[in-house]
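Structural overview for review
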Amino acid sequence: MAVCMKGKDVISIHDLSTEEVWQIVKTAEMIKMLKLSGQPYTPLVGKTLGMIFTKSSTRTRISFEVGMNQLGGHAIFLSSNDMQLKRGETITDTGRVLSGYLDGIMIRTFAHQDVVDLAAAANIPVINGLTDLLHPCQVLADLLTIYEKKGRLQGIKLTYVGDGNNMAHSLMYGGAKVGMDVDICCPEGYDPDPAVFRSAVEDAKATGAKIQVTRDPFRSVADADIIYTDVWASMGQEAEHDKKVAALQGYQVNAKLLAAAKKDTLFMHCLPAHRGEEVTDEVADGPNSVIFHQAENRLHAQKAILALVM
Ligand code: CP
Ligand code: NVA
């Protein structure tokens, strides 16, 4: 049964129900099919999305902007450097002002609380385009990719190898909602946030997903359907880069690790990749890799989110 999501914020997959997650995946599948068969789908004629960025982006910015155009609406890129935000206007005043002009806001920023505060102040839907804590749109698109490639989500095992960061957090939340096991395999000191881990484990009780943190990548990938990784130093952690590279050496996804997995294991990465660090070229460009398919699915999944909430 369809769930009405009009006006809903998309800040964390933890806040979505299993039905809402599936509705996004299924709507994305339908929207993708319409696009590939050349049929226009324009439910957002006359609507405008504002896109606030305080961090860099290639995929998020372009896929949201193109997505709005394809849905018949319009998107405005708002660099925080050029807004009064930079000169001290609060995020809540910004949210109230923008609510008078726009039909939705997508924001990429550092502090997760800023997105929560923006959503509380705005009376239009707010979509999280990545914070230091979470990256829900990436994972909703990834669920579409896994569903397309494996034909199911329930019972899939995903091993995330690397830093316990925003991607690890959203993957745990996503897996918990759809019954997909998620193993965050990282060295000590690079664990995911304990509060996120606990609430993902709590969410997983409803679906039976096994959410865990482990240390041995070779053991973890042995029965994994998906091997996922992300950069070792995320945006904003540039000063920690060298220290993290040293600490995460044993967690590179390379041919040797892939050889320890099943033949049909998929390799996934949200991109951008730091080739030679968390992943080697032979894996990123090899036959198990679906990284560019994933990047394309950002467009289709986000069009689904926009069409459902705006
Ligand atoms: N994966 C992702 O969000 O990419 P961008 O940083 O290019 O938006
Ligand atoms: N963890 C990365 C994801 C980039 C899409 C970062 O936050 O920089």
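No experiment lies behind these values; they were computed from the predicted model shown. (Residues numbered from 1 in each chain as written. Chains lettered and ligands numbered in written order. Predicted model: local features only at pLDDT ≥ 70, side-chain atom pairs only at ≥ 80, totals over all residues. Heavy atoms only, no water.)

**Remarks on the packing of helix 3 (residues 91-99) against helix 4 (residues 112-121)**
The cut-off we apply is this: Angles shown run from 0 to 180 degrees and are taken between the N-to-C directions of axes, each axis being a line fitted to C-alpha atoms and, for helices, limited to the stretch in contact. A run of H or I in DSSP counts as a helix once it spans at least four residues, and a run of E counts as a strand once it spans at least two, with each numbered from the N terminus. Angle categories: roughly parallel below 35 degrees, roughly antiparallel above 145, roughly perpendicular from 65 to 115, and oblique for all the rest. Left-handed describes a crossing whose near helix is turned anticlockwise from the far helix through less than a right angle; right-handed describes the clockwise counterpart. Pairs of residues are marked as contacts when any of their non-hydrogen atoms sit within 4.5 Å. Under the scheme applied, nonpolar residues are Ala, Val, Leu, Ile, Met, Phe, Trp, Tyr, Cys and Pro; charged residues are Asp, Glu, Lys and Arg; polar residues are all the others, including Gly.
Between helix 3 and helix 4, the shortest axis-to-axis distance is 8 Å and the interhelical angle comes to 40°. One element, helix 3, and the other, helix 4, form an angle in the oblique class. As for the relative orientation of helix 3 and helix 4, their crossing is right-handed in sense. Facing helix 3, whose interface residues are Ile91, Thr92, Gly95 and Arg96, helix 4 presents Asp114, Asp117, Leu118 and Ala121. When grouped by side-chain class, the residues that make up the contact of helix 3 with helix 4 number three nonpolar, two polar and three charged.

**Here's the deal with the sheet that holds strand 4 (residues 126-128)**
Either a parallel or an antiparallel arrangement is found when strands of a sheet pair, and the pairing is made through backbone hydrogen bonds. What counts here: By this definition, two strands are paired if DSSP reports at least two bridges between them.
With respect to topology, four strands assemble into an open sheet ordered 2-1-3-4, the strand pairing being parallel. With partners counted over all chains shown, the strands left at the sheet margins are strand 2 (74-79) and strand 4, one partner each. With strand direction ignored, the average angle separating the axes of adjacent strands in the sheet is 20°. Pairing of strand 1 (residues 48-53) with strand 3 (residues 104-108), which is carried by five bridges, proceeds in the parallel orientation. Within strand 3, the position partnered with Leu49 by the bridge is Gly104.

**Things to note about the site of ligand 2**
Spelled out, the test is: For each residue, the test is whether any non-hydrogen atom lies within 4 Å of the molecule or strand; if one does, the residue is near. Within 3.5 Å is the distance limit for a polar contact, defined as a pair of N or O atoms, with the added protein rule that one can donate a hydrogen and the other accept it, and that residues adjacent in sequence qualify only through two side-chain atoms. Only the protein chains shown count as cover for residues, and the accessible areas themselves come from Shrake-Rupley with a 1.4 Å probe.
Around ligand 2, the surrounding shell consists of Leu130, His135, Asn165, Asn166, Asp230, Val231, Ser234, Met235 and Leu271. Asn165 has a polar side-chain atom sitting 3.4 Å from a nitrogen atom of ligand 2. A distance of 2.8 Å separates a nitrogen atom of ligand 2 from a polar atom in the side chain of Ser234. Protein coverage of the free-state accessible area of ligand 2, which is 270 Å², stands at 95%. Classifying every residue of the shell around ligand 2 by side-chain character gives four nonpolar, four polar and one charged.

**Side note on the sheet that holds strand 7 (residues 211-214)**
One open sheet accounts for five strands, arranged 7-6-5-8-9; its pairing is parallel. Looking at which strands have only one partner, the edges of the open sheet turn out to be strand 7 and strand 9 (266-269). Ignoring which end each strand starts from, the neighbouring axes of this sheet average 20° apart. Here strand 5 (residues 157-161) pairs with strand 8 (residues 226-229) via three bridges, running parallel.

**A word on unusual backbone geometry**
What counts here: For every residue, the accessible area obtained with a 1.4 Å probe (protein chains only) is divided by the maximum for its type, and the residue is called buried under 20%, exposed over 50%, and partly exposed between those limits.
Geometrically, the link from Leu271 to Pro272 is a cis peptide bond, its omega value of 5° lying close to zero. For Pro272, the location among the structural elements is in the loop between strand 9 and helix 11 (281-284). With a phi angle near 120°, Leu130 is a residue other than glycine that sits in the positive phi range. With phi around 65°, Leu271 is a residue other than glycine that occupies positive phi space. Counting through the fold element by element, Leu271 comes out in the loop between strand 9 and helix 11. Look at Leu271 and you get buried, because its relative accessible area is 12%.

**Some words on the nonpolar core**
Put simply, the rule is: For our purposes a nonpolar core is just a set of buried Ala, Val, Leu, Ile, Met, Phe, Trp, Tyr and Cys residues, chained together by side-chain atoms within 4.5 Å.
Among the nonpolar cores identified, the biggest contains 62 residues, and Ile127, Leu158 and Leu306 are the most heavily contacted of them. Residue contributions to this core peak at eight residues, all from helix 5 (residues 136-150). Contact partners of Leu306, with chain neighbours within four places excluded, come to Leu44, Leu49, Phe64, Met68, Leu71 and Ile127. By size, the runner-up hydrophobic cluster in this structure holds 19 residues, among which are Tyr190, Ile227, Trp232 and Leu248.

**Some points on the packing of helix 2 (residues 59-70) against helix 12 (residues 291-309)**
Packing of helix 2 against helix 12 brings their axes to within 9 Å, and their N-to-C directions diverge by 50°. Relative to helix 12, helix 2 is oriented oblique. Pair helix 2 / helix 12 crosses with right-handed handedness. Contact residues: helix 2 offers Arg59, Thr60, Ser63, Phe64, Val66, Gly67, Met68 and Gln70, while helix 12 offers Ala295, Arg298, Leu299, Gln302, Lys303 and Leu306. Partitioned by chemical class, the residues of the contact of helix 2 with helix 12 number six nonpolar, five polar and three charged.

**A look at the packing of aromatic side chains**
Two numbers describe a pair of aromatic rings. These are the distance of the centres and the angle of the planes. How we decide: When two rings of Phe, Tyr or Trp (its six-membered ring) have centres within 6.5 Å they constitute a pair, described as stacked for plane angles under 30 degrees, edge-to-face for angles over 60, and tilted for the intermediate range. Ring-over charges, as used throughout, are those where CZ of Arg or NZ of Lys falls within 6 Å of the ring centre and within 35 degrees of the ring normal.
For the coordinates displayed, the defined rule picks out three aromatic pairs. On the basis of an interplanar angle of 80° and a centroid distance of 5.1 Å, the ring pair of Trp22 and Tyr147 is categorised as edge-to-face. Taken together, the residues Trp22 in helix 1 (residues 18-36) and Tyr147 in helix 5 connect sequence positions 125 residues apart. Classification of Tyr147 by relative accessible area gives buried; the value is 17%. Taking NZ or CZ as reference, Lys55 lies 4.7 Å from the ring centre of Phe110, over its face.

Any functional reading would require information that these geometric values do not contain.
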